[in-house]
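What follows is each chain in one-letter form.
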2 protein chains.
Amino acid sequence: MGGDFAPASVVEGAQLAHRKYPHIRFQFFGREDAVRPLLEAEPSLALVSEIFHCDSAISADEKPSVAVRQGKGSSMWEAIRAATEGRAHAVVSAGNTGALMAISKLQMRTLPGIYRPAICAQMPTKTGQCAVLDLGANVDCDAATLHQFGVMGSAFARAVFGMEAPSVGLLNIGTEQLKGNETLREAYDLMAGESLRGSTFHGFIEANDINAGVVDVVVTDGFTGNVALKMSEGTASLISSMIRRTFTETVFAKIAYLLAKPSFKQLRKRLDPRKYNGAMFIGLNGIAVKSHGGADGYSFYHALKVAIDSAQSDINARIRHELSQVQEIAPEAPQRQKEPA
Amino acid sequence: MGGDFAPASVVEGAQLAHRKYPHIRFQFFGREDAVRPLLEAEPSLALVSEIFHCDSAISADEKPSVAVRQGKGSSMWEAIRAATEGRAHAVVSAGNTGALMAISKLQMRTLPGIYRPAICAQMPTKTGQCAVLDLGANVDCDAATLHQFGVMGSAFARAVFGMEAPSVGLLNIGTEQLKGNETLREAYDLMAGESLRGSTFHGFIEANDINAGVVDVVVTDGFTGNVALKMSEGTASLISSMIRRTFTETVFAKIAYLLAKPSFKQLRKRLDPRKYNGAMFIGLNGIAVKSHGGADGYSFYHALKVAIDSAQSDINARIRHELSQVQEIAPEAPQRQKEPA
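Overview of the structure. Just so it is clear, the structure is predicted and the values come from calculations on it, not from any experiment.

Thresholds applied
The numbers attached to residues start from 1 for each chain and follow its sequence in the written order. Key to labels: chains lettered from A, ligands numbered from 1, both in the order written. Selection of residues for local features in this predicted model requires a pLDDT of at least 70, selection of side-chain atom pairs for listing and counting requires 80 or more, and totals for whole chains, interfaces and linings are taken over all residues. Computation of side-chain values: all heavy atoms of the structure, hydrogens and water removed. Segments assigned H or I by DSSP are reported as helices when at least four residues long, segments assigned E as strands when at least two residues long, and all are numbered from the N terminus. What a helix should span is 1.5 Å times the count of its residues minus one. For this overlay, a least-squares fit was computed on C-alpha atoms, restricted to residues scoring pLDDT of at least 70 in both copies. Any two residues whose heavy atoms approach within 4.5 Å are treated as being in contact. Here a patch means residues that are over 30% exposed by relative accessible area and free of salt bridges, tied together within 9 Å if like-charged and within 5 Å if nonpolar (Val, Leu, Ile, Met, Phe, Trp, Tyr). The method behind every accessible area is Shrake-Rupley, applied with a 1.4 Å probe, and residues are considered shielded solely by the protein chains displayed. For salt bridges, the criterion is a side-chain nitrogen of Lys or Arg within 4 Å of an Asp or Glu carboxyl oxygen. Only four residue types enter the charge count: Lys and Arg as positive, Asp and Glu as negative, with His and the chain ends excluded. To locate a charge, take atom NZ for lysine, CZ for arginine, CG for aspartate or CD for glutamate. Pairs of strands are assigned from DSSP output, requiring at least two bridges between the strands. Axis definition: a line fitted to C-alpha atoms, over the contacting stretch in the case of helices. Angles run 0 to 180 degrees between N-to-C directions. Each residue's exposure class comes from its accessible area (1.4 Å probe, protein chains only) as a fraction of the maximum for that residue type: buried when under 20%, exposed when over 50%, partly exposed otherwise.

In a regular helix each residue adds 1.5 Å, so 19 residues correspond to 27 Å; helix α7 (residues 143–161) of chain B covers 26 Å between its end C-alpha atoms and thus fits that length. Looking one or two residues past α7(B), Gly162(B) carries a phi angle of roughly 65°, positive in sign.

The next subject is the relation of the copies chain B and chain A. You can overlay chain B on chain A at an RMSD of 0.1 Å; the transform is a turn of 180° with a shift of 0.0 Å along its axis. Seen this way, the second copy is the image of the first under a two-fold rotation axis. The share of interface residues of chain B whose copies in chain A are also at the interface is 100%, consistent with both copies meeting through the same surface.

This next bit is on a positive patch on the surface. On the surface, Lys261(A), Lys265(A), Arg268(A) and Lys269(A) cluster together to form a positively charged patch. Among the structural elements, Lys269(A) can be located in helix α11 (residues 251–271).

All names here are of chain A. The strand order across the open sheet built from eight strands is β3-β10-β9-β4-β5-β8-β6-β7, with neighbouring strands paired in mixed fashion. Since the sheet does not close on itself, it has two edges, and those belong to β3 (91–93) and β7 (200–205), each with one partner. For this sheet the average axis-to-axis angle between neighbouring strands, irrespective of direction, equals 25°. Bridging between strand β9 (residues 279–282) and strand β10 (residues 288–290) involves two bridges; their strand directions are antiparallel.

Residues and elements named next belong to chain B. Ordered by their spatial adjacency, eight strands build an open sheet running β3-β10-β9-β4-β5-β8-β6-β7, and the pairing between neighbours is mixed. The two strands at the open ends of the sheet, each matched to only one other strand, are β3 (91–93) and β7 (200–205). The mean angle between the axes of side-by-side strands here comes to 25°, regardless of whether they run parallel or antiparallel. Sheet analysis places strand β5 (residues 129–133) next to strand β8 (residues 217–219), joined by three bridges and oriented parallel.

Taken together, the side chains of Val251(A), Ile255(A), Leu259(A), Val251(B), Ile255(B) and Leu259(B) present a nonpolar region at the surface, about 540 Å² in accessible area. Taken together, the elements giving at least two residues each to the nonpolar patch come down to α11 of chain A together with α11 (251–271) of chain B. Of note, Val251(B) is situated in helix α11. Judged by its relative accessible area of 63%, Val251(B) is exposed.

Shown next as structure tokens:
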């Protein structure tokens, strides 16, 4: 088990998930001597858990290409294998992102017809949350790939947010149809057809529309999505530090802070980034979810929740079904950028 | 004069600038009957002001291509003409962005050797502020263009922040040299040489480094820069709305807010986006600054400040000088993407 606070954070997350989903069984891949005492302290969780001892682990700084070649038998490899071979419904890891993506792709392969898997995660909005993809798996994306992201993101919103008919927006730097580059205009045309079944295509959105909650699903290439996500984190961190500074710089401000403490606590709870932990590698023929490396138990629980909700709603069957409908409508859809297996 | 609150906001901004820069003279281009009464109410400003009556104005929704063909004689056209012909040192407008860019390019032309002008503006950081370019003028940029943005951004930081040796970062989705695409790696190599005279090249930065204040100048293409800027605005707006909601939802929270009001006022002052108003169209053979369309007087003052500081530091002579040094070092620099005049 990877991540800065594993295995304690992982077991704690599982315990929280066990309370919400008592019917779910857990398989822990890692050092048995480290996991067993933690599970013994949680007898109810232990009853639905199994430990699979692994001698080796993939380190946080291992190159994905090396992990793929030399990772066999490691805890990450074995956990992915269990999810690939049907012994588990999903795999969740707080370990090395690149290795998790590379080994998951190698073992699970992509869903039939999917050009590129993407990283899909939640972001907070004024009205709730939205799904954003891709967050960094594909630096460049062509129009057909972006269109598939729309289909996959809709399936994610249905599975994880429980939405019936999510709305999908294509991230651009203006909302007029002439804005952006050729790829975006082409993707717009693909998505504006009848091809997004069961969801509505909102059209272009701008980056400030993401947190405003204008759409349920935001489609973008991995470079732009990653910049948007990290910019949001950076701005939130700047504002937090300014709040801290403002409410500590004078004695009067400190007293005001003490009086307002319950409200600040409530505010922190609302903005808690741990609730948005859990990035799904969507488009694989299996469910693989990446937790933030610095996740604590509460945060890891949310990554587990993404995996459980996705598995329970059979997200990949939905994606397959919707893609088959898209292909019926647009059989001439370009087959570019299909990656070598 | 354009903008939602013009001409009152423009005259108020000029009055604020007049107090800080008493030696600066102002030329107002617009409807004389609207401007004159406002100036008469500010006798000290009126003494250093002149009104140039214009019958027509370019509307906010006019297409730039139409504005260029039909805008002759409009207030925007005439103001840019004054700055181009040397009767003014700079032009500042809160009007139609695309039209301002197009007419400025047409009249002022680009500086010798500049491939593409960029939109450069300030963003707040934990330690002060940084300059970010391009914010939307160029959707795609090649490596040589990004390199020039580094030179121009450094000149901006020197002029507007009064810095001696600004540090320059190249926005990417990871800080390792292998991240990103070919263009970014090529730009890295160009900037890592000795070619950024008088400033230091920090290397790749990630989007969360921008508000953290890791560098003084952030270089990126116009698509990514625009997304980063708007994402930051969206996140700040989300947090503001959550603060508002949290401190109004219970009677106790409302009382706490009242007690903490002076600190909240201080916080709002620190985060005031009006202080960062004023985007320079950098790389033109003249100084053109765009104010936010919704600017009030205080906000417009900051856009004027960018123009005045840039003119006083002779920013374009600095850019020319530094570019000539770059070209001495790297005479084989590619001349691609040079735009038709």
